[in-house]
Amino acid sequence: MGIAIRNVSFSYPGKDILKGIDMDIEDGDFAGITGSTGSGKTTLAYCLNGLIPHSIRGKFSGKVHVNGFDTTKEKISRLSRKVGFVFQDPDWQIFSLTVKDEVAFGLKNIGARDIDSKVMNALIMVELDGMEEMMPQNLSHGQKQKLCIASVLAMDPDIIVMDEPTSQLDYRSTMNVYGILKKLNESGKTIIVIEHNTDLISEYANRVFILDNGTIIKEGSPKKVLSDRKLMEKLGIKIPWVYRK
Amino acid sequence: MNPKIKLFSLVALSSMMIIFPEPLFIAAAAVLSVAFIFIRRVHMRFMPWLKPIFIVFLMIIAFQSIAVSGLIFSLEGAYFGLLFSLRILALISLVFLFVETTPASELSGAFSFLPRDISQILMLSLSMVPGVAVLGENIINSQKARGMNFMNPNIFRTYFPVLVPLFAKTLYRSEKMSLAMQARGYGSS
Ligand SMILES: Nc1ncnc2c1ncn2[C@@H]1O[C@H](COP(=O)(O)OP(=O)(O)O)[C@@H](O)[C@H]1O
Ligand SMILES: [Mg+2]
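Keep in mind that what you see is a predicted model, and the values were worked out from it rather than measured.

Caption draft 1: Seen up close, the overall build of chain B. Along chain B, the regular secondary structure elements total seven helices and zero strands. Put simply, chain B runs from its N terminus to its C terminus through helices and strands in the order α-α-α-α-α-α-α. Seen through its C-alpha atoms, chain B measures out along the principal axes to roughly 55 × 45 × 35 Å. A total of 189 residues make up chain B; the buried ones form 34% of that total.

Caption draft 2: Looking closely at the packing of helix H4 (residues 99-109) of chain A against helix H6 (residues 141-153) of chain A. Residues and elements named next belong to chain A. For the pair H4 and H6, the least separation of the axes is 7 Å and the interaxial angle reads 35 degrees. The two elements H4 and H6 meet at a crossing, and its hand is right-handed. Together, Val-99, Glu-102 and Val-103 of H4 and Leu-147, Ala-150 and Ser-151 of H6 make up the contact between the two elements. Counted by class, the contact of H4 with H6 contains four nonpolar, one polar and one charged residues.

Caption draft 3: Local environment of the interface of chain A and chain B. Between chain A and chain B, the contact holds 31 residues from the first and 26 residues from the second. Where chain A meets chain B, there are one salt bridge. Residue Arg-184 of chain B is joined to Glu-102 of chain A by a salt bridge in which the shortest nitrogen-to-oxygen separation is 2.4 Å. Run the count over chain A and chain B and you get eight residue pairs in polar contact (both at pLDDT 80 or more). Looking at the side of chain A that touches chain B, the element that brings in the most residues is H4 of chain A, giving six residues. For the side of chain A that touches chain B, a count of residues per class yields 14 nonpolar, eleven polar and six charged.

Caption draft 4: Region of the structure containing the packing of aromatic side chains. Residues and elements named next belong to chain A. Applying the stated criterion to the full structure yields eleven aromatic pairs over all chains. Between the aromatic rings of Phe-30 and Tyr-178, the centroid separation amounts to 6.4 Å while the plane-to-plane angle is 15 degrees, which identifies the pairing as stacked. Linking Phe-30 in strand S3 (residues 30-34) with Tyr-178 in helix H7 (residues 171-186), this pair joins segments that are 148 residues apart in sequence. On the accessibility criterion, Phe-30 (3% relative accessible area) is buried. On the basis of relative accessibility, which here comes to 1%, the residue Tyr-178 falls in the buried class. Ring centres of Tyr-178 and Tyr-204 lie 4.9 Å apart, and the angle between their planes is 40 degrees; this geometry places the pair in the tilted category. Here Tyr-178, found in helix H7, pairs with Tyr-204, found in helix H8 (residues 198-204); they are 26 residues apart in sequence, far enough to count as distant.

Caption draft 5: Structural context of the sheet that holds strand S5 (residues 69-70) of chain A. All names here are of chain A. Here four strands make up an open sheet; going across it, the order is S2-S1-S4-S5 and the pairing antiparallel. Single-partner strands in this sheet number two, and they are strand S2 (15-25) and S5. Bridge count between strand S4 (residues 59-66) and S5: two bridges; the pairing is antiparallel. Bridge pairing in S5 links His-65 to Asp-70.

Caption draft 6: Broad picture of the domain arrangement of chain B. Residue and element names in this part refer to chain B. By domain assignment, chain B separates into domain 1 (1-102) and domain 2 (110-189). Between the C-alpha centres of domain 1 and domain 2 there is a distance of 21 Å. With ten residues of domain 1 in contact, the opposing surface of domain 2 contributes nine residues. Both faces combined, the contact of domain 1 with domain 2 buries some 810 Å², and carbon together with sulfur accounts for 83% of it. A per-residue breakdown of the area domain 1 buries against domain 2 is headed by Lys-4, Leu-7 and Ile-55, which together make up 46% of the total. Connecting domain 1 to domain 2 are zero salt bridges.

Caption draft 7: Up close: the side chain of Asp-101 of chain A. By the element assignment, Asp-101 of chain A lies in helix H4. In this structure, Asp-101 of chain A is buried with no salt-bridge partner, the nearest side chain bearing the opposite charge being Lys-108 of chain A at 4.7 Å. Not counting the four nearest positions on each side in its chain, Asp-101 of chain A is found in contact with Ser-96 of chain A together with Ser-108 and Met-123 of chain B.

Thresholds, definitions, all that
Each chain carries its own residue numbering, running from 1 in the written order of its sequence. All chains are assigned letters beginning with A, and all ligands numbers beginning with 1, in the order in which they are written. In keeping with the predicted nature of the model, local features appear solely for residues at pLDDT of at least 70, side-chain atom pairs appear and are counted solely at 80 or more, and the whole-chain, interface and lining totals rest on all residues. Side-chain measures were taken over the full set of non-hydrogen atoms in the model, leaving aside hydrogen atoms and water. For the purposes of this entry, the term helix denotes a DSSP run of H or I that reaches at least four residues, the term strand denotes a run of E that reaches at least two, and both are numbered from the N terminus. Buried means the residue's accessible area, taken with a 1.4 Å probe over protein chains only, is under 20% of the maximum for its type, while exposed means over 50%, and partly exposed covers the values in between. To obtain each axis, a line is fitted to C-alpha atoms, and for helices this fit is confined to the stretch in contact; angles are then taken between N-to-C directions over 0 to 180 degrees. Working rule for handedness: look at the near helix, and if it is turned counterclockwise from the far one by less than a right angle, call the crossing left-handed; if clockwise, right-handed. For this analysis, residues touch if any pair of their heavy atoms sits within 4.5 Å. Three classes are used, and their members are as follows: Ala, Val, Leu, Ile, Met, Phe, Trp, Tyr, Cys and Pro are nonpolar, Asp, Glu, Lys and Arg are charged, and the others, Gly among them, are polar. Salt bridges are counted wherever a side-chain nitrogen of Lys or Arg sits within 4 Å of a carboxyl oxygen of Asp or Glu. Polar contacts, as used here, are pairs of N or O atoms within 3.5 Å; protein pairs need one atom able to donate a hydrogen and one able to accept it. Residues neighboring in sequence count only if both atoms are side-chain atoms. The pairing test for Phe, Tyr and Trp rings, Trp by its six-membered ring, is centres within 6.5 Å, and the orientation test on the planes gives stacked under 30 degrees, edge-to-face over 60, and tilted for anything in between. Between any two strands, at least two bridges found by DSSP are needed for them to pair. An automatic or database domain assignment provides the domain bounds reported here. Accessible area that two parts lose when put together, with a 1.4 Å probe and added across both, is what the buried area reports. Only four residue types enter the tally: Lys and Arg on the positive side, Asp and Glu on the negative side; His and the chain ends are excluded.

Here you go:
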């Protein structure tokens, strides 16, 4: 089970982005993916929930299995129950007029029952309960990010993918979001974060993948990968504080 | 007022304005809806829109004046342009009134009797409005910071540098939005 990616390549018309990716993520992992901007992290993430190849135009080859399901054969709407996806910018994904409606959206799509109580539970998990009737536009950036997490949590996916969740957050909200992710991971969910901040990866993740120019150039435990001074310097990635002497 | 009744009156009034182009009726509707914006004290939020709206109207009137009689100015064309603009003004003011005087939670309730796809599209467009407005303001400010003169009478010079990035960004955002909706199980793919 978990996620198995085999020899996946993807190109936008005239532009090779992913070049033969092999990756395994086990159930219950907290995986970090890092790499420079433009290395293909977001594109790789789109392969996990079927947006590639079903919705995004380009040339796809290889195999992605999520919980044993071949993403090329499953519809996005079915995969959405297994993989919750939080996009990089909350303003790209929040479109409802109230917090409550935003969380209920996915549940209505999959024809869930007890929508109201599922919405409430998801909001409690991210500490947004009491804000059901508010307009998402009036939330702070950190609250919007938490709303996006709640919106995918409500659908109870086994896997949660987050694309640079903290790139626009201050320190307190960052800690808050990672606290929530940690709690979810402990409750059995697989977490995959795309993250530039290697200090966060070393603290929270148990596996890390480094993507460079469309290939995974190194993977393993954060300690093994991120303390490799030579490699980190070559890639321009910051060595986490805990691994410095 | 019950949001459904309000929505119904909005739709009824707007369709009447589109079906019956009576000049008197349209003028009255335009005046009344603008008046109501002041009566309900939501005009502070309406003001920033006035200038771009009027510029668009001037363009419509100018275009109509010469288009009706084949590239020469005609009063009849100008009159058509004016009527057309008034109609748009009345429609915009009505929609603005409706949105500004209805709390978000009631707004989503007002659409609940519509088929889900349609109410979803309505809510999506409504929720995009504030974002687009803020974006527009930011673009204007950044162009000003680069020395653009908004008093320039050449409207192509003043509005293109704002509208082009605004349009591009909004398009990009709606593309991402569509991915985000699919990622949460919306649609048949
Ligand atoms: N829709 C698209 N069409 C063409 N090229 C794209 C598109 N989306 C992204 N790219 C390009 O793909 C490359 C990888 O993008 P992305 O996966 O977003 O990288 P990352 O998330 O690591 O910054 C970038 O060079 C980007 O410009
Ligand atoms: Mg990215």
